[in-house]
Amino acid sequence: MKDIFANLYNKVTKFFHQAEESTDTSAKDVACNRLKLVLMQDRTNLSPAIMDRMKHELIDLLSKYVELDKELLDLSFEQEDSQMALMLSIPVIRAKEESEIEELLKLEEEVSEGVSEEIDSDEEIDDDETTEDDNEEEDSEDSEDSEVVEETTTESENITEDDSKDKIEEKTEPEENVEEEKKPEPSKKKSSKGAQV
Amino acid sequence: MAGRVIVITSGKGGVGKTTTSANIGTALAKGGNKVVLIDTDIGLRNLDLLLGLENRIVYTLVDVVEERCKLKQALVKDKKNPNLSLLAAAQTRDKSAVSQEQLKDICSQLKEDYDFIIVDCPAGIEQGFQNAIAGASEAIIVTTPEMSAVRDADRIIGLLEAREEIEGYKLLLNRVRPNLIEANDMMSVDDVVEILSCELIGVIPEDTGIITSTNKGEPIVNDEEAMAGKAYRNVARRIMGEDVPLLDLTEPKGFLDKIKAFFAGLKGKV
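Residues numbered from 1 in each chain as written. Chains lettered and ligands numbered in written order. Predicted model: local features only at pLDDT ≥ 70, side-chain atom pairs only at ≥ 80, totals over all residues. Heavy atoms only, no water.

Trainee: So what about the overall build of chain A? Which residues, and what values?
Mentor: Secondary structure assignment for chain A yields seven helices and four strands. Mapped in sequence order, the helices and strands of chain A form the string α-α-α-β-β-β-β-α-α-α-α. Per-residue burial for chain A yields a buried fraction of 30% across its 197 residues. Within the structure as shown, chain A displays about 12700 Å² of accessible surface, and the carbon and sulfur contribution to it stands at 50%. (Helix = DSSP H or I, 4+ residues; strand = E, 2+ residues; numbered from the N terminus. Buried < 20%, exposed > 50% of the residue type's maximum accessible area, 1.4 Å probe, protein only. Areas by Shrake-Rupley, 256 points an atom, 1.4 Å probe, with all protein chains shown as cover.)

What follows is the structure in structure tokens.
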């Protein structure tokens, strides 16, 4: 008996609720979100592919200093009143040890010093690592970092191929040679004129 | 006298620039101001039709520019309101018949004798648009709560920002349908204002009266009852510096709607 009433109640509420349910992904929300996205592209001249590239370059850069969650890193434009801001949200998994950071920086310096000695310096670093105390963690770290680099290189290659622009040097040193193709333009400053009429 | 030159623009076509120009111009004139409406949509003129002045046009903007007549000869007085005049566009030429400098010159001449010069801008962002904004120091951007119109309005705002001559601009949201907004099927006034981050000068509801008023050549501001007319009169008052609150466009709720809302609320709690 109770079931029947519950069933009936559900049916009735469902009937009256139908109009409300469509609001979950309402046409208005879809329009707003699509519009916001397309306006960001219009205002900044940054296509989704370029945005993706910028994001990966930022991951490359930031990974040197902190271990971050690449999946959850979020890069987007936000409009606050008249000012457009580039918002970067970076979930940090853990802080890196000072020695790790220094090593990566050292490696980078060596790489930039001489491309011919690249292989040697890599070996040197590997040797150094084994002599350190916590080698296990270091090794795992290192492998993960190299993963990052691989990932981003393939990404940036894809993008450059799409754009049929500079796809040359990137393979050897992703961090060094990635050109800054487009910086987000300072965008238009609104507000200043909105007052009159 | 130093009149104000206000350009009515939108980017996208069909959002109601010409209707807005005709109605704001008429309402300002009814408010006791001396007003000239300039149609800069050369080749596609329509402002004369909306005002019901199509049979009275002798000289056009192009005739003035090419010195076939004096500026004053080309101004056509409104049938009802002697404060309102129209400078019509030529129908047989194109946008290149007039230059930015020439329009600037015409606007500055008219500023001497009139309180308001309302420039009806053609759609697009090409020469016609550049001409129309050349002499203006203020702008009203007409848009509707549709994606394409809002996107185009954003582009126009960017272009107006880049022009130093434009001292201020405001947004006029046209063809708003409160019942669609309530059902979350259409972007709301707040949504559009937030997305464009531009100050509002008014909100005009969709009104079938616009169609009949266009057919009759009689701007809807002359209709005391129509909601759109009321909304346009309020826009004109805001332009004149009055602080007028936005019209409440929501229709009163019926009994059935209340029951629906009640059950929807119950469902949320269970």
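Trainee: How would you explain the packing of aromatic side chains if you had to name every residue and give the values?
Mentor: For any pair of aromatic rings, geometry is given as the distance between the ring centres together with the angle between the planes. Counting across every chain of the model gives zero aromatic pairs over all chains. The ring of tyrosine 114 of chain B carries lysine 34 of chain B above its face, with NZ or CZ at 4.8 Å from the centroid. (Phe/Tyr/Trp six-rings, centres within 6.5 Å; stacked < 30°, edge-to-face > 60°. Lys NZ or Arg CZ within 6 Å of the ring centre and 35° of its normal.)

Trainee: So what about unusual backbone geometry? Which residues, and what values?
Mentor: Where the residue is not glycine, phi is negative for most of them; where a peptide bond is considered, it is trans in most cases. All names here are of chain B. Residue arginine 175 is not a glycine yet carries a positive backbone phi of 55°. Relative to the helices and strands, arginine 175 is located in strand β7 (residues 168-176). Looking at arginine 175, the relative accessible area reads 36%, which means it is partly exposed. One non-glycine residue with positive phi stands out, namely asparagine 184, at about 60°. Positionally, asparagine 184 belongs in the loop between α8 (178-182) and α9 (189-196).

Trainee: Account for the environment of aspartate 60 of chain A, naming residues and giving values.
Mentor: Residues and elements named next belong to chain A. Position of aspartate 60 among the secondary structure elements: in helix α3 (residues 48-63). Taking relative accessible area as the criterion, aspartate 60 reaches 7% and is therefore assigned buried. The spacing of aspartate 60 and lysine 70 is ten residues in sequence and 9.8 Å in space, taken between C-alpha atoms.

Trainee: I'd like a description of the packing of helix α2 (residues 27-44) of chain A against helix α7 (residues 147-161) of chain B, backed by residues and values.
Mentor: Direction vectors running N to C along α2 of chain A and α7 of chain B enclose 30°, while the axes themselves pass 10 Å from each other. One way to sum up the angle between α2 of chain A and α7 of chain B is to call them roughly parallel. Crossing of α2 of chain A over α7 of chain B shows right-handed handedness. Where α2 of chain A abuts α7 of chain B, its residues Ala31, Arg34, Leu35, Val38, Leu39, Asp42 and Arg43 of chain A lie against Met147, Val150, Arg151 and Asp154 of chain B. (Axes fitted to C-alpha atoms, helices over the stretch in contact; angles between N-to-C directions. Parallel < 35°, antiparallel > 145°, perpendicular 65-115°, else oblique. Left-handed = near helix turned anticlockwise from the far one by under 90°. Contact = heavy atoms within 4.5 Å.)

Trainee: Please provide a residue-by-residue account of the pattern of salt bridges, values included.
Mentor: Taken as a whole, this structure holds 21 salt bridges over all chains when the rule is applied. A salt bridge links lysine 64 of chain A to glutamate 108 of chain A, with the shortest nitrogen-to-oxygen separation between them at 2.8 Å. One end of the pair, lysine 64 of chain A, is in the loop between α3 and β1 (66-68); the other, glutamate 108 of chain A, is in helix α4 (residues 98-113), with 44 residues separating them in the sequence. A relative accessible area of 9% places lysine 64 of chain A in the buried class. Ionic contacts of the salt-bridge type, sharing partners, join the residues Asp63, Glu66, Arg68 and Arg93 of chain B into one network. (Salt bridge = Lys/Arg side-chain N within 4 Å of Asp/Glu carboxyl O.)

Trainee: If you had to explain the pairing of strand β8 (residues 200-205) of chain B to someone new, which residues and values would you point to?
Mentor: All names here are of chain B. Of all the six residues making up β8, five are buried; the element is thus mostly covered by neighbouring parts of the structure. As paired elements, β7 and β8 share four bridges and run parallel to each other. From the neighbouring strand, leucine 172 faces β8, where its bridge partner is glycine 202. (Pairing = 2+ DSSP bridges.)

Trainee: Give a description of the sheet that holds strand β6 (residues 138-143) of chain B that names residues and reports values.
Mentor: Residue and element names in this part refer to chain B. The strand order across the open sheet built from eight strands is β3-β4-β2-β5-β1-β6-β7-β8, with neighbouring strands paired in mixed fashion. The sheet is open, and its two borders are formed by β3 (75-77) and β8, each paired with just one other strand. The sheet shows a mean angle of 20° between the axes of neighbouring strands, taken without regard to direction. Looking at chain direction, β6 and β7 are connected through six bridges and run parallel. Bridge pairing in β7 places valine 142 opposite leucine 172.

Trainee: Please give an account of the nonpolar core that cites residues and values.
Mentor: All names here are of chain B. Formed by 57 residues in total, the largest nonpolar core has its most connected members in Ile38, Leu87, Ile106, Leu110 and Leu160. Setting aside residues no more than four positions away along its own chain, leucine 87 makes contact with Val36, Leu37, Ile38, Asp39, Thr60, Leu61, Val64, Leu71, Ala74, Leu75 and Ile106. Core analysis: the second largest hydrophobic core is formed by 37 residues, Ala29, Leu53, Leu84 and Tyr232 among them. (Core = buried A, V, L, I, M, F, W, Y, C linked by side-chain atoms within 4.5 Å.)

Trainee: Break down helix α10 (residues 209-216) of chain B for me, with residues and values.
Mentor: Residue and element names in this part refer to chain B. Residues Gly209, Ile210 and Ser213 constitute the buried set of α10. Angularly, the buried residues of α10 cover 100° about the axis, an arc narrow enough to put them on a single face. Residues of α10 that are exposed and angled more than 90 degrees away from the buried face: Ile211 and Asn215. Count one or two residues on from α10 and you reach glycine 217, which has phi positive near 70°. (Arc of directions from axis to C-beta.)

Functional significance is not addressed by these values, which are geometric in nature.
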